[in-house]
Amino acid sequence: MKQPDEGNLFTDLMELGPAPTMAREIVVIVISIAIVAVLFAIVGTSVPAFVALGVIVAFMGVRFVIGLRHWEKRS
């Protein structure tokens, strides 16, 4: 995991792993939710859209839990 002074919001959004700090990860989650909401507005509600939503929510949850372990070690 990177140090908090490395990278920026764009790299935090694009990485598979969690952001260097919990605050930055929360911002990434909020932005991801906004992007998913816009996609739902464009695509509409369908089964594939809900499956994609489930995958995204699970991925963000796993990412946050992994980050939680790293953030606690740094404290």
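It should be noted that the structure appears before, not after, this text.
These figures come from a predicted structure and were not determined experimentally.

Moving on, we come to the overall build of the protein chain. For the protein chain, the count of helices and strands is 3 helices and 0 strands. Going from N to C terminus, the protein chain has its helices and strands arranged as α-α-α. In terms of overall dimensions, the protein chain has C-alpha extents of about 40 × 20 × 15 Å along its principal axes. The 75 residues of the protein chain split such that 20% are buried. Carbon and sulfur atoms provide 76% of the accessible area of the protein chain, an area that totals close to 5,100 Å². Averaging the positions of the 6 positive and the 6 negative side-chain charges in the protein chain gives two centres separated by 4 Å.

This paragraph deals with helix α3 (residues 47-74). Its 28 residues place the ends of α3 41 Å apart at the C-alpha level, agreeing with the 40 Å of an ideal helix rising 1.5 Å per residue. The secondary structure elements touched by the buried residues of α3 are α1 (9-14) and α2 (22-43).

Moving on, we get to the pattern of salt bridges. Taken as a whole and assessed by the stated rule, the structure comprises 2 salt bridges. With its nearest N and O atoms 2.7 Å apart, the salt bridge here joins Arg-24 to Asp-12. Here Arg-24, found in helix α2, pairs with Asp-12, found in helix α1; they are 12 residues apart in sequence, far enough to count as distant.

Now for the side chain of Glu-25. Its place among the elements puts Glu-25 in helix α2. With sequence-adjacent residues up to four places away left out, Glu-25 is seen in contact with Pro-18, Ala-19, Met-60, Arg-63, Phe-64 and Trp-71.

Rules used in this analysis
Residues numbered from 1 in each chain as written. Predicted model: local features only at pLDDT ≥ 70, side-chain atom pairs only at ≥ 80, totals over all residues. Heavy atoms only, no water. Helix = DSSP H or I, 4+ residues; strand = E, 2+ residues; numbered from the N terminus. Buried < 20%, exposed > 50% of the residue type's maximum accessible area, 1.4 Å probe, protein only. Areas by Shrake-Rupley, 256 points an atom, 1.4 Å probe, with all protein chains shown as cover. Lys, Arg positive; Asp, Glu negative; His and termini not counted. Charge placed at Lys NZ, Arg CZ, Asp CG, Glu CD. Expected span 1.5 Å × (residues − 1). Contact = heavy atoms within 4.5 Å. Salt bridge = Lys/Arg side-chain N within 4 Å of Asp/Glu carboxyl O.

What is shown is where atoms sit, not what they do.
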